[in-house]
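Here's the letter readout for the chains.
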Amino acid sequence: MAKVTDFITALSALSGVDGYVLAQSNGQILSHNLTDPVSYMPWAKTLIQRCTLLSAGLNNDPFRGVSFQSDGRFIHLFPIRQYHLVVLQPGGSINQQLFQQIETLIQETVEGG
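These lines cover the structure that appears in this document, whether it is placed above or below.

So, how was this worked out
- Residues numbered from 1 in each chain as written.
- Predicted model: local features only at pLDDT ≥ 70, side-chain atom pairs only at ≥ 80, totals over all residues.
- Heavy atoms only, no water.
- Helix = DSSP H or I, 4+ residues; strand = E, 2+ residues; numbered from the N terminus.
- Rg over C-alpha atoms; globule rule 2.2 N^0.38 Å.
- Contact = heavy atoms within 4.5 Å.
- Areas by Shrake-Rupley, 256 points an atom, 1.4 Å probe, with all protein chains shown as cover.
- Lys, Arg positive; Asp, Glu negative; His and termini not counted.
- Charge placed at Lys NZ, Arg CZ, Asp CG, Glu CD.
- Salt bridge = Lys/Arg side-chain N within 4 Å of Asp/Glu carboxyl O.
- Buried < 20%, exposed > 50% of the residue type's maximum accessible area, 1.4 Å probe, protein only.
- Pairing = 2+ DSSP bridges.
- Axes fitted to C-alpha atoms, helices over the stretch in contact; angles between N-to-C directions.
- Core = buried A, V, L, I, M, F, W, Y, C linked by side-chain atoms within 4.5 Å.

### Looking at the overall build of the chain
Logical step 1: Looking only at helices and strands, one finds three helices and five strands in the chain.
Logical step 2: Reading the secondary structure of the chain in the N-to-C direction produces α-β-β-α-β-β-β-α.
Logical step 3: At 13 Å, the chain has a C-alpha radius of gyration in line with the 13 Å of a compact globule built from 113 residues.
Logical step 4: With the C-alpha coordinates aligned to their principal axes, the bounding extent of the chain is approximately 35 × 30 × 25 Å.
Logical step 5: Taking the intrachain contacts of the chain between residues at least 6 apart in sequence as the baseline, contacts between residues at least 24 apart amount to 49%.
Logical step 6: Of the roughly 6,300 Å² that the chain leaves accessible, carbon and sulfur atoms contribute 51%.
Logical step 7: Placing the 6 positive and 8 negative side-chain charges of the chain at their respective mean positions leaves the two points 8 Å apart.

### Some details on the pattern of salt bridges
Logical step 1: The tally for this structure, following the rule as stated, stands at one salt bridge.
Logical step 2: For Arg-64, the salt bridge identified is with Glu-103, shortest N-O distance 3.5 Å. With Arg-64 in the loop between helix 2 (41–59) and strand 3 (66–70) and Glu-103 in helix 3 (residues 98–111), this pair connects stretches of sequence that are 39 residues apart.
Logical step 3: When its relative accessible area of 12% is taken as the criterion, Glu-103 is described as buried.

### Some words on the sheet that holds strand 4 (residues 73–80)
Logical step 1: Strands sit in the order 2-1-5-4-3 across an open sheet of five strands; the sheet is antiparallel. Unpaired on one side and paired on the other, strand 2 (29–32) and strand 3 mark the two borders of the sheet. Averaged over all pairs of adjacent strands, the angle between strand axes in this sheet comes to 15 degrees, irrespective of strand direction.
Logical step 2: Sheet analysis places strand 1 (residues 19–24) next to strand 5 (residues 83–90), joined by six bridges and oriented antiparallel.

### A word on the pairing of strand 2
Logical step 1: In the sheet, strand 1 pairs with strand 2 via three bridges, with the strands oriented antiparallel. What sits directly across from Ala-23, in strand 2, is Ile-29.
Logical step 2: Hairpin connection of strand 1 to strand 2: four residues between the antiparallel strands, including Gly-27 at a positive phi of 100 degrees.

### A closer look at the pairing of strand 5
Logical step 1: Taken across its eight residues, strand 5 has seven buried, putting it largely inside the fold.
Logical step 2: Strand direction decides the pairing type here: strand 4 and strand 5, joined by eight bridges, are antiparallel. Note that in strand 5 the partner of His-76 across the bridge is Val-87.
Logical step 3: Hairpin geometry of strand 4 and strand 5 is characterised by an intervening segment of two residues between the two adjacent antiparallel strands and by a positive phi of about 50 degrees at Arg-81.

### Digging into the nonpolar core
Logical step 1: Within the largest apolar cluster, 17 residues are counted, with the highest numbers of intra-cluster contacts made by Phe-7, Leu-11, Ile-80, Leu-85, Ile-102 and Ile-106.
Logical step 2: Counting residues per element, the ones that place at least two in this core are helix 1 (4–12), strand 1, strand 4, strand 5 and helix 3.
Logical step 3: Counting residues per element, this core draws most heavily on helix 3, which supplies five residues.

Listed below in structure tokens is the structure:
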């Protein structure tokens, strides 16, 4: 993976990113800007694992990420090799393309690098 600091700097520069947690798939947190990042990891890990299995079973394509709304904000989850990324976006955010921008960032800095 590209340097974590380079990836986080680029992620944080995207309009609409209100918070994030980047962790290894075993739950070890590498970087975050949230007050309680640990609370996100158990359910994020479970969702990413189940979505990965579902995607493989449905269309045999790799799982790229999932987005949903909860408590008035968007939560975006991405598997990145052996890492899990959680990104929070305010519900009223004007950046409706944030999910796609994060996916592109992952492809350019991680998968392409």
